[in-house]
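Inside the fold
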Amino acid sequence: MVHILVTGGSGFLANALISTLLSRGHSIVTTVRTAEKARSVLAQYPHIAPNQLKCKIVPDMAVADAFDDAVRSPNDSESDPPFSAVVHTASPFHYSITNAKKDMFDPAVNGTVGILRSVHQYAPSVKRVVITSSFAAMFNPAKPAKSKYSEADWNPVTWDDAESPENAHGQSGYRTSKALAEKEAWAFMEKEKPGFTLTVLNPSLIFGPVSESLTSLDDVNTSNERMRDFIIGASKEKCPPTASQFWVDVRDAALAHAVAVEKDETAGKRYFLTAGSFCNVEIVEAIGKEFPELRDGLPTGEALKDGQYPAGGPKYGFDNSASVKELGINYRSLQESVADTVRSLRAIQERNTV
Ligand code: NAP
């Protein structure tokens, strides 16, 4: 059993990660931004002993030293033991960017470097740090079509071109924030040589069941928005383009984080997490297969055109063998992931109509 600090406890991925870590016997303190979010996270685990899951408030990780208090265990007692590991999942993930530096780069980069610095200075008991990066930090627009993505790939963006129009808006702005944050994390390790090791996980687009504490479909996280839109009929007239090509289920991504904490052999490595390629038409088909009663609201025929794979199939190949062999991930199928995601979203709809 390991005592772990998990940042971003209110997030979609962190929700699955906390359940996974608890089920593997670990105890957790998670950071959230408000007392209300702390109550909401804790309310999901009424049967967990108070010592096994706690929350600390970190309102804004863009601020210097934001995590200094959270990483410390000043009492060093049975109820407040020092941390052995830290998992940093928090990072803004949305595409409505008005000011890239303020909305994206500052929280993503300062948060990542900030947690490393806080651990280095104030938490000598921490031996493992795991950071959630992204396929966004691997995406390279110059990569030749049909070549394979793997851990060797890097998003070429640098600070010099981060605020250029093509790198600072919408999906590109998010990708830039993740690429800069991961590059700064490895640079910190190289320069500071702290007393802990770093493992980085690079998930592709994450689907999967949302938190039971979610009260409105309006609050669904960015990567599950397309599922929400399909089930409420919002994409009936026009299936949206797929955009990002690779996907992974949140429970598989969560397990990868847990194994990265537990296995020392993952130290110093980054892992591409993907079950493979998908297109939006496949999601529509998976929903229609599992939920015939939703078919009326799904796009059909010509309306599916934009959601197809490009001519000739998926643009890139992939190599996820390191995550399979070294983290032991047996990736779920798209059908299972879509069905479970939709079930979790419909549970919210049902709660709201009672
Ligand atoms: P999410 O549901 O939006 O969670 C993001 C978390 O970060 C939330 O807890 C959020 O707090 C916190 N956060 C954002 N800005 C913050 C700030 N300034 N100060 C403190 N906390 C802040 O997103 P997610 O999908 O779970 O993503 C989790 C991680 O996985 C991120 O690092 C993301 O880049 C990465 N990732 C996600 C995907 C995906 O498809 N979902 C794919 C690859 C990588 P609030 O709830 O209070 O806003």
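- In the annotation of an unreviewed UniProt entry, the entry for the chain reads NAD-dependent epimerase/dehydratase domain-containing protein, and the organism field reads Aspergillus pseudoustus.
- Under the Sequence similarities (unreviewed entry) heading, UniProt states for the chain: "Belongs to the NAD(P)-dependent epimerase/dehydratase family. Dihydroflavonol-4-reductase subfamily."

Some remarks on the side chain of R346
- Secondary-structure assignment places R346 in helix α10 (residues 334-353).
- Given a relative accessible area of 18%, R346 falls into the buried group.
- A distance of 2.7 Å separates a polar atom in the side chain of R346 from a polar atom in the side chain of E293.
- Other than its neighbours up to four places away in sequence, R346 contacts I231, F291, E293 and L294.

Re helix α1 (residues 12-23)
- Taking 1.5 Å of rise per residue, 12 residues should cover 16 Å, and α1 covers 17 Å from first to last C-alpha, within 8% of that figure.
- Here α1 lies mainly inside the structure; 10 of its 12 residues are buried.
- Turning to α1, its buried residues are F12, L13, A14, N15, A16, L17, I18, T20, L21 and L22.

What to know about the pattern of salt bridges
- Under the defined criterion, the tally for this structure stands at 16 salt bridges.
- A salt bridge links R270 to E182; the shortest N-O distance between them is 2.7 Å. Of this pair, R270 sits in strand β10 (residues 270-273) while E182 sits in helix α5 (residues 170-192); the two residues are 88 residues apart in sequence, bridging distant segments of the chain.
- Its relative accessible area of 2% is what places E182 among the buried residues.
- Among the salt bridges present, the one from D340 reaches R343, with a minimum N-O distance of 3.2 Å. Pair noted here: D340 and R343 are both in helix α10, with a separation of three residues, about one helical turn.
- Beyond isolated ion pairs, a larger network of salt bridges with shared partners links D249, R251, E290, D340 and R343.

Notes on the site of the ligand
- In the region of the ligand, 26 residues are neighbours, and S10, T89, Y174, K178 and I206 sit closest.
- Between an oxygen atom of the ligand and a side-chain N or O atom of K178, the distance comes to 2.8 Å.
- Contact distances for the ligand include 2.7 Å between an oxygen atom and a backbone N or O atom of I206.
- For the ligand, whose accessible area on its own is 890 Å², the fraction buried by protein is 89%.
- When residues of the shell around the ligand are traced back to their parent elements, those giving at least two are α1, α5 and β8 (205-207).
- The residue inventory of the shell around the ligand, partitioned by class, reads 11 nonpolar, 11 polar and four charged.

Quick word on the sheet that holds strand β7 (residues 197-203)
- If you walk across this open sheet you meet the seven strands as β3-β2-β1-β4-β5-β7-β10, and the pairing is parallel. Two strands lie at the open edges of the sheet, namely β3 (53-57) and β10, each paired on one side alone. Along the sheet, successive strands turn relative to each other by an average axial angle of 20°, direction set aside.
- Across the sheet, α5 is in contact with β5 (128-132), β7 and β10; its angle to β7 comes to roughly 165°.

What to know about the packing of helix α8 (residues 280-290) against α10
- Put simply, α8 and α10 touch, their axes get as near as 9 Å, and they point 65° apart. Judged on the interaxial angle alone, α10 and α8 are roughly perpendicular. In the packing of α8 onto α10, the handedness of the crossing is right-handed. Counting all contacts with α8, which are made through E282, I283, A286, I287, K289 and E290, the residues of α10 involved are L334, Q335, V338, A339, V342 and R343.
- Looking at the contact of α8 with α10 residue by residue, the class counts come to seven nonpolar, one polar and four charged.

Cut-offs applied
Residues numbered from 1 in each chain as written. Predicted model: local features only at pLDDT ≥ 70, side-chain atom pairs only at ≥ 80, totals over all residues. Heavy atoms only, no water. UniProt positions renumbered as here; feature names shortened; annotations may be inferred. Helix = DSSP H or I, 4+ residues; strand = E, 2+ residues; numbered from the N terminus. Buried < 20%, exposed > 50% of the residue type's maximum accessible area, 1.4 Å probe, protein only. Polar contact = N/O pair within 3.5 Å; in protein donor to acceptor, adjacent residues only side chain to side chain. Contact = heavy atoms within 4.5 Å. Expected span 1.5 Å × (residues − 1). Salt bridge = Lys/Arg side-chain N within 4 Å of Asp/Glu carboxyl O. Near = heavy atom within 4 Å. Areas by Shrake-Rupley, 256 points an atom, 1.4 Å probe, with all protein chains shown as cover. Nonpolar A, V, L, I, M, F, W, Y, C, P; charged D, E, K, R; others polar. Pairing = 2+ DSSP bridges. Axes fitted to C-alpha atoms, helices over the stretch in contact; angles between N-to-C directions. Parallel < 35°, antiparallel > 145°, perpendicular 65-115°, else oblique. Left-handed = near helix turned anticlockwise from the far one by under 90°.

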